[in-house]
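Here are the chains, one letter per residue:
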Amino acid sequence: MLRYAIRRFLSLLLSLGVASVVIFLAIEVVPGDPAAVMLGVNAAEDTLAALRAELGLDQGLLPRYLDWAGGMLRGDFGVSYTYRTPVAEMVADRLWISLPLALYALTLSTLIAFPVGILAAARRGGAADLGIIGVTQIGIAVPNFWFAMILVAIFAINLGWFSAGGFPGWEGGLLAGLKALTLPAIALALPQASILARVMRSALIDTLGEDFVRTARAKGLSPGQALRRHALRNALIPVLTILGLQFSFLLAGAIIIENVFFLPGLGRMVFQAIAQRDLIVVESVVMLLVFAVILVTFLVDLAYAWVDPRLRGGR
Amino acid sequence: MHRMLTAAATLSLALGSAAAAQTSITIGMQLEPPHLDPTSAAAAAIDEVVYANVYEGLTRFGPDGSIHPGLAESWEIADDGLSYTFTLRPGVLFHDGATFTADDVAFTFERILADESTNAQKALYSAIDSVNVIDDRTVEITLERPNGALLFNLAWGDAVIIDPSDVETLQTKPVGTGPFMFSDWVQGDRVELVRNPDYWGEPAPLERATFKFISDPTAAFAAMMAGDIDAFPVYPAPENLAQFESDPRFRVLVGSTEGETILSMNNGVEPFNDIRVRQAVAHAIDRQAVIDGAMFGYGTPIGTHFAPHHPAYVDLTGLSAHDPERAKELLAEAGYPDGFTTTLKLPPPSYARRGGEIIAAQLRAVGIEAEIVNLEWAQWLEEVFRGKDFGLTIVSHTEPLDIGIYARPDYYFQYDDPVMQALNTGLEFMANPEDRNVVLGAMQDRIARQYVVGFLFQLAKTGVANARIEGLWENSPTQANDLTQVRWAE
């Protein structure tokens, strides 16, 4: 097990190294001089040169890459060109919104998807099942920003129960913060819940057809008891896999929702940084997200190996 | 049901706000400032937060673009125009408690002119030879060459006076002399200002001001409707304005900006180095159709590179009236009876993207095939503005009084004209507004008759505000949200 873990860990490091080169090159070769963007159309040539020197942009590609990558190994993400504050601080600030938002959305989607998926599987082929299939189909097809706009129109503009967006900051209290994240979390959760409910339903239906369930039924359990005591646990494996994937999606993919609700999260920060050519912010955040995904994959690999010893062998 | 709920919500909002007396305001802005030091970046969003609120210069802009005393209460100009002596206001304190003196003025300008300066408008102050401290309240600026626009240039946000001891932290904790002090900045979300109790002048009516950053137009609409935002001075979605106009809770503010929106032509390359081709392009354009189609009717047609609200403005729109037949004749005369193909490179703003589609169609009607290339802002700066690799492009020039760009042969539209250059040099020798206006008139005439570019329209400033707010600027003589006179009606 240990040797397997070490092997997986080394391959994780290699992936990160390759990713850092690819990200750096991809972003640096995009045309657009950050200094020119910051100083606008009236700037004189010597002013631009002064700013480039200040930002370290006058150096070659290799020294800049080594500087950036080396700093990151020490936990130093550099200083944002436009905000002139350390990128690590900015990311940490923004994570305090994006992370709770992702968790909130994930919780909501689980709370919706589990009962709905179980109900559909239990009533397979019935009216409830068909209804759920139809509704979740819509949930998957409709983009989350559209849900977001509908929620704002109803709950913020017409009813006035919520703000249309923005974030008061956690120092304003847990409840105020959660309230501000509620509509965005619902908008994010609805499509996720639809997918999850469908996965839940089909995984349950698959396990319900397995021999051990039939055996349980033969021993006199009611269909409901068989589902609860035997099928559910086994159906959770595919559901948890999807849930894990959804989490990284929610963290990285909330850009549009953060814009609709003008939340100062990570996604919106990257969005702005791209427009402002704040290359160091874009590079660092993308790298961080890649790291998160690779890490999750690594942990999932380890978990699988733990569960299924056959995986530790070959490869 | 729906109407009752709306009424209840409005009522509760009104009651809630009446209880907490209205001494604060929340202003919406589409872009967040990258930092809060107007003397080291060109971002308009910086001035929109801090200009006249937090920082002040020697002179300042009034709402109509006129120049008023700021931290200098008066000045004298030497007869040769080479020296300006400013008398500074007494009893002015920086927000950190330091006293404002002539030394701060000298420091500010030495910093702007230094070799390692990153002031985006450094060129505006390049005529300054030295800044001499006479005594605490008197400072003399001497010039290498006459600079008739000096008082105007000193009013820009790029020349606000700063305290030497705060220079390292201005970007995140601005310290000025203005009626508002910086309070808090939640990056990505908002900047908060509070009233300065020790302000030298008339104190601001508002106790607090919050600038909230909402980039998405749909979100901006929702935030206004939900009452999260009290005013959105540059409202990003003109398509919603009619709805706000019909709602008594709101007031739509329509004013003018310094933004001349033009169809730039690359005068340095064929076929636009031929004045007949440029004239043909100018006659091919139907400005009103562009204003209606791209700007929902907001915008003032212009026939030269000058703001219609300026006293020196001359209406020359007739020189380039919409006349497709004349355009075809001119093209034939220039040797392009079947037209030609060129590029139309568009930056992201909607005036450019939407306007570009309409203009391409208008050009096609006279035989010019303009291939649309959409560019990001950074790409546009690199490729079009600096690289001069384009045939046509659309952009709004938002710097105030910037007709001098036509006297710069290296400028991106590459117009090299000794007459225009001589006029511009002459302008520099004049500080008297009446003399200047005569020359400015001649400059407008010259570029209009040379058809340097296609003049489209003056960008309108369209804002939305709660109907009970008074004192917001309707026009935009500089990109600022001057809150010094803003108050809630009783």
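Residues numbered from 1 in each chain as written. Chains lettered and ligands numbered in written order. Predicted model: local features only at pLDDT ≥ 70, side-chain atom pairs only at ≥ 80, totals over all residues. Heavy atoms only, no water.

Digging into the overall build of chain B
Where we set the bar: A helix here means a DSSP run of H or I that spans at least four residues, while a strand means a run of E at least two residues long, and both kinds are numbered starting from the N terminus. The buried label applies to any residue whose accessible area, calculated with a 1.4 Å probe on protein chains only, is under 20% of its type's maximum; exposed applies above 50%, and partly exposed to all values in between. Only heavy atoms matter for contacts: two residues are in contact if any of them lie within 4.5 Å across the pair. Residue burial considers only the protein chains on display, and all accessible areas are found by Shrake-Rupley using a 1.4 Å probe. His residues and chain termini do not enter the charge count, which takes Lys and Arg as positive and Asp and Glu as negative. Where a charge sits is defined by one atom per residue type, namely NZ (Lys), CZ (Arg), CG (Asp) or CD (Glu).
Scanning chain B from N- to C-terminus turns up 13 helices and 19 strands. Across its three principal directions, the C-alpha atoms of chain B cover 75 × 70 × 35 Å. Buried positions account for 56% of the 490 residues belonging to chain B. Taking the contacts inside chain B whose residues are at least 6 apart along the sequence as the reference set, 67% of them involve residues at least 24 apart. A total of about 18,700 Å² of accessible surface is found on chain B, and carbon and sulfur atoms cover 51% of it. Of note, chain B has its 32 positive side-chain charges centred 5 Å away from the centre of its 69 negative side-chain charges.

Re the overall build of chain A
A count of helices and strands for chain A gives 13 helices and 0 strands. Overall, chain A shows an N-to-C arrangement of helices and strands of α-α-α-α-α-α-α-α-α-α-α-α-α. With the principal axes as the frame, chain A shows a C-alpha extent of 85 × 60 × 35 Å. Counting over 315 residues, chain A shows a buried share of 45%.

Some points on the nonpolar core
The nonpolar side chains of a soluble globular protein tend to be buried, and buried together. The cut-off we apply is this: Residues belong to one nonpolar core when they are buried, are Ala, Val, Leu, Ile, Met, Phe, Trp, Tyr or Cys, and are joined through side-chain atoms within 4.5 Å.
Counting 138 residues, the largest nonpolar core has L263, I394, Y406, Y412, F413 and L472 of chain B as the members making the most contacts within it. If one sorts the elements of this core by residue count, helix α13 (residues 279-307) of chain A sits on top with 10 residues. In terms of nonpolar packing, the next biggest core, distinct from the first, is built from 46 residues, A102, L181 and L263 of chain A together with A226 of chain B among them.

A closer look at the pairing of strand β9 (residues 190-195) of chain B
Residue and element names in this part refer to chain B. Threshold: Note on pairing: two strands pair once DSSP finds at least 2 bridges between them.
Among the 6 residues in β9, 5 count as buried, and that is most of the element. Pairing of strand β8 (residues 180-186) with β9, which is carried by 6 bridges, proceeds in the antiparallel orientation. In the strand pairing of β9, F182 is matched with L193. The turn joining β8 and β9, which pair antiparallel and follow one another in sequence, is formed by 3 residues; a positive phi near 90° is taken by G188.

Things to note about empty space enclosed by the protein
Residues and elements named next belong to chain B. The cut-off we apply is this: We place a 1 Å grid over just the protein atoms. Points where a 1.4 Å probe fits but has no way out form a cavity, open points with protein on both sides within 12 Å along at least 5 of 7 lines form a pocket, and any residue with an atom within 4 Å of a point lines it. Grid points are joined across faces, edges and corners, and a volume is the space filled by probe spheres set on the points. Polar here means any residue outside two lists: the nonpolar Ala, Val, Leu, Ile, Met, Phe, Trp, Tyr, Cys and Pro, and the charged Asp, Glu, Lys and Arg; Gly therefore counts as polar.
What the rule picks out here adds up to 4 cavities of 30 Å³ or more. By volume, the largest cavity amounts to about 50 Å³. If you go around the largest cavity, the residues you meet are E258, E260, H305, F306, A307, H310, L401, D402 and I403. For the lining of the largest cavity, a count of residues per class yields 4 nonpolar, 2 polar and 3 charged.

Looking at the interface of chain B and chain A
Let me state the cut-off plainly: When two components associate, each loses some accessible surface as probed by a 1.4 Å sphere; the sum of these losses over both components is called the buried area. Salt bridge, as used here: a side-chain nitrogen of Lys or Arg that lies within 4 Å of a carboxyl oxygen of Asp or Glu. A 3.5 Å cut-off defines polar contacts: any pair of N or O atoms within that distance qualifies, except that in protein one atom must be a possible hydrogen donor and the other a possible acceptor, and neighbouring residues in sequence count only when both atoms are side-chain atoms.
Across the boundary between the two partners, chain B contributes 49 residues, which contact 47 residues of chain A. Summing both sides of the interface, chain B and chain A together bury roughly 3,800 Å²; the carbon and sulfur share of this comes to 54%. Contact with chain A buries area across many residues of chain B, yet T118, Q187 and R386 of chain B alone supply 14% of it, more than any other trio. If you look at where chain B meets chain A, you find 2 salt bridges. The shortest N-O distance in the salt bridge between K122 of chain B and D46 of chain A comes to 3.1 Å. Taken together, the connections running from chain B to chain A amount to 10 residue pairs in polar contact (both at pLDDT 80 or more). Among the residues making up the side of chain B that touches chain A, the classes are represented as 21 nonpolar, 15 polar and 13 charged.

Some remarks on the UniProt feature "transmembrane region" (unreviewed entry) in chain A
Condition: UniProt positions are given in the numbering used here, feature names are shortened, and annotations may be inferred rather than shown by experiment.
UniProt marks residues 101-122, 134-161, 173-191, 235-257 and 285-307 of chain A with the feature "transmembrane region" (unreviewed entry), using the numbering shown here. The distance from the first to the last C-alpha atom of residues 134-161 of chain A is 30 Å, and the span holds 82% helix and 0% strand.

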